[in-house]
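A structural walkthrough
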Amino acid sequence: MYEIENVLRDYAWGSTTAIASLLGRPESGGPEAELWIGAHPDSPSVAHVPEDGTRSPLDALISSDPEHFLGAESVNAFGPRLPFLAKILAAAQPLSLQVHPSLDQARAGFARENAAGLDAHAANRNYKDDNHKPEMILALTPFEALCGFRPAAETREIFEYITHAFPEETSSPALVQALIDDLAAADEGAGLRRAFERLITGGQGVAEDTALVVEALLSRASLEPYQAELGTVISLNEKYPGDPGVLISLLLNRISLTPGEAVYLPAGNVHAYLHGLGVEVMASSDNVLRGGLTPKYVDVPELLNTIDFHPVAVPMLDAQKTVMDQELFRAPFKEFQLQRIELGPDSGPVPLAQSGAAVVIVVAGEVYLDSPRGDLQLSRGRSAFIAAAEAPVNVHWVAGSAEPALAFAVTTGL
């Protein structure tokens, strides 16, 4: 077992307090958006090597003996790299609207951009690697997000409501009626695509009409029964005035997760995290195609080729309880699964769900990791990498601890 130090990413949308408060450490004074826990080459965790007291980037440690650290099954399925990346994510402001490619799209796009000689760090690069990026997030606080297309008929009702927000002597912008017409298409997916494309390519006209819509909404005493959806339009426009993502948000499911609830996001699912603290797990990739709410590059043709325009129910992910008292969140992806481990004075040891390598982070109390090959005690804010060869591992509450323990562990879904 290796205790690891993780990399904090300071994206501007990050909370200045949430991660520090969760992990019981001083605030840095700046935004703390994501804590990366894993071996992604952009920001690998650093392992403390007990044998000689040295420190090693986790990706380098794994590459020294992939089968030992990852297990033969994982290497055969995903190659000689850690297939998942875990994060603590803390959004104080909305993230960009975004979508992630399928595995085939990622491989083709990465190869295409390499062949074109596009610099790996170019601002107009879409594909940073050749992997897909399915993901999930488990809320630790109330968590607000946009996730996938809602049924077109429901969105049409919202735009029809908007037409009535304007004074009788003022008609709503032509854009609103055009979107209503788009969403009435017999082919629901085609209608959603037309509406999305109208907004993402509309330029200054969309910006001006968005301003008119927001002005009309602000004039109303109440936005019920669409307070969440239209309130989001108003708040997004404050941050990104006139951005196409402001009205695109109305095409998407507006979700509010309570602590302990989780949602998963497959390839093609347009989404944006709006506010909250959570544990995010994904395939180890940084491939993102943006679709608004950002000053960064938006490749509209590639974005449209990547999005799945079919409406979906919110892909909630319920915990499964095993006969060994393990609480597991198993998304329909082989790269990862998440285990929530809660222990107290009356708790027996909980087996670590481990299929290949695993990482563990403690967010409350203390835990003791025990295996036939070694042991490691972790207090709040500390984390560990566990090699496949270390299994089986049991997780214990530490006797005499002042509080119950809460930890999260990630391994593959093989």
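These lines cover the structure that appears in this document, whether it is placed above or below. In this text, all values refer to a predicted model and were calculated from it rather than measured experimentally.

Regarding its fold elements, the protein presents 12 helices and 23 strands. By the compact-globule yardstick of 22 Å for 414 residues, the protein fits well, its C-alpha radius of gyration being 23 Å. Projected onto its principal axes, the C-alpha coordinates of the protein cover approximately 75 × 50 × 40 Å. A sequence separation of at least 24 residues applies to 74% of the contacts in the protein between residues at least 6 apart. By element, 50% of the accessible surface of the protein is carried by carbon and sulfur atoms, the whole surface being about 17000 Å². Separation of charge centres in the protein, based on 27 positive and 54 negative side chains, amounts to 3 Å.

Attention now moves to the sheet that holds strand β19 (residues 366-371). Sheet architecture is open: 4 strands sit in the order β17-β22-β19-β20, paired in antiparallel fashion. Looking at strand neighbours, the two that pair on one side only are β17 (350-351) and β20 (374-379), the edges of this open sheet. In the sheet, β17 pairs with strand β22 (residues 394-397) via 2 bridges, with the strands oriented antiparallel. Bridge pairing in β22 links V350 to V395.

Over its 12 residues, helix α6 (residues 152-163) runs 17 Å from end to end, which matches the ideal 16 Å to within 8%, given 1.5 Å per residue. When α6 is considered as a whole, its buried residues turn out to be A152, T155, I158, F159, Y161 and I162. Here the buried face of α6 lies against α7 (174-182), α8 (188-200), α9 (203-218), α10 (227-239) and α11 (244-248).

Okay, the pattern of salt bridges next. In the structure shown here, the tally under the stated rule is 16 salt bridges. The residue R25 makes a salt bridge to E32 at a minimum N-O spacing of 3.1 Å. One salt bridge in this structure joins R150 and E229, with 3.6 Å as the shortest N-O distance. On the criterion of sequence distance, the pair formed by R150 in the loop between β9 (143-149) and α6 and E229 in helix α10 is long-range, its members being 79 residues apart. For the pair R150 and E229, a shared accessibility class is recorded, and that class is buried.

Cis geometry is found at the peptide bond from E224 to P225, where omega equals 5°. Tracing the backbone through its elements, the reader meets P225 in the loop between α9 and α10. Cis geometry is found at the peptide bond from A391 to P392, where omega equals 5°. Within the element layout of this structure, P392 appears in the loop between β21 (383-386) and β22. Even without being glycine, L293 reaches a positive phi, approximately 60°. Relative to the elements of secondary structure, L293 occurs in the loop between β13 (289-290) and α12 (300-306).

All right, on to the pairing of strand β18 (residues 358-364) then. Put simply, side chains in a regular strand alternate between the two faces of the sheet. Within β18, 7 of the 7 residues are buried, which leaves the element mostly enclosed by the surrounding structure. Of the pairings in the sheet, the one linking β18 to β21 comprises 4 bridges and is antiparallel in character. Bridged to A358 within β21 is I386.

Two measures describe an aromatic ring pair: the distance that separates the ring centres and the angle between the ring planes. If you walk through the whole model with that rule in mind, you get 11 aromatic pairs. One aromatic cluster is present, formed by Y2, F69 and F385 through successive ring pairs. Just above the ring of W36 sits the side chain of R9; from NZ or CZ to the centre is 4.4 Å. The residue whose ring lies beneath K239 is Y240, and the NZ or CZ to ring-centre distance is 5.9 Å.

As a further point, take the environment of M282. Examined against the element boundaries, M282 turns out to sit in strand β12 (residues 271-283). Note on M282: relative accessible area 0%, which makes it buried. The residues contacting M282, other than those within four sequence positions of it, are P83, F84, L85, K87, K133, P134, E135 and F336.

Strand order in the open sheet made by the 9 strands is β5-β4-β1-β21-β18-β23-β16-β15-β14, with antiparallel pairing throughout. Sheet topology places β5 (54-57) and β14 (320-321) at the edges, where each strand pairs with a single neighbour. Pairing analysis gives 3 bridges linking strand β1 (residues 2-5) to β21, with the strands arranged antiparallel. Considered in β21, the bridge of Y2 is made with F385.

So, about the packing of α7 against α8. A pair of packed helices can be characterised by two numbers: the angle between their axes and the separation between those axes. Across the interface, α7 lies against α8 with an axial gap of 8 Å and an inter-helix angle of 155°. The angle between α7 and α8 falls in the class roughly antiparallel. Contacts between α7 and α8 pair L175, A178, L179 and D182 from the former with G191, R194, A195, R198 and L199 from the latter. Looking at the contact of α7 with α8 residue by residue, the class counts come to 5 nonpolar, 1 polar and 3 charged.

Within the secondary structure, D375 sits in strand β20. Assessed through its relative accessible area of 47%, D375 is described here as partly exposed. When near neighbours in sequence (up to four residues on either side) are disregarded, D375 contacts M1, Y368, L369 and D370. At 3.2 Å, the side chain of D375 forms a polar contact with the side chain of Y368.

Reading the values: the criteria
- Residues numbered from 1 in each chain as written.
- Predicted model: local features only at pLDDT ≥ 70, side-chain atom pairs only at ≥ 80, totals over all residues.
- Heavy atoms only, no water.
- Helix = DSSP H or I, 4+ residues; strand = E, 2+ residues; numbered from the N terminus.
- Rg over C-alpha atoms; globule rule 2.2 N^0.38 Å.
- Contact = heavy atoms within 4.5 Å.
- Areas by Shrake-Rupley, 256 points an atom, 1.4 Å probe, with all protein chains shown as cover.
- Lys, Arg positive; Asp, Glu negative; His and termini not counted.
- Charge placed at Lys NZ, Arg CZ, Asp CG, Glu CD.
- Pairing = 2+ DSSP bridges.
- Expected span 1.5 Å × (residues − 1).
- Buried < 20%, exposed > 50% of the residue type's maximum accessible area, 1.4 Å probe, protein only.
- Salt bridge = Lys/Arg side-chain N within 4 Å of Asp/Glu carboxyl O.
- Phe/Tyr/Trp six-rings, centres within 6.5 Å; stacked < 30°, edge-to-face > 60°.
- Lys NZ or Arg CZ within 6 Å of the ring centre and 35° of its normal.
- Axes fitted to C-alpha atoms, helices over the stretch in contact; angles between N-to-C directions.
- Parallel < 35°, antiparallel > 145°, perpendicular 65-115°, else oblique.
- Nonpolar A, V, L, I, M, F, W, Y, C, P; charged D, E, K, R; others polar.
- Polar contact = N/O pair within 3.5 Å; in protein donor to acceptor, adjacent residues only side chain to side chain.

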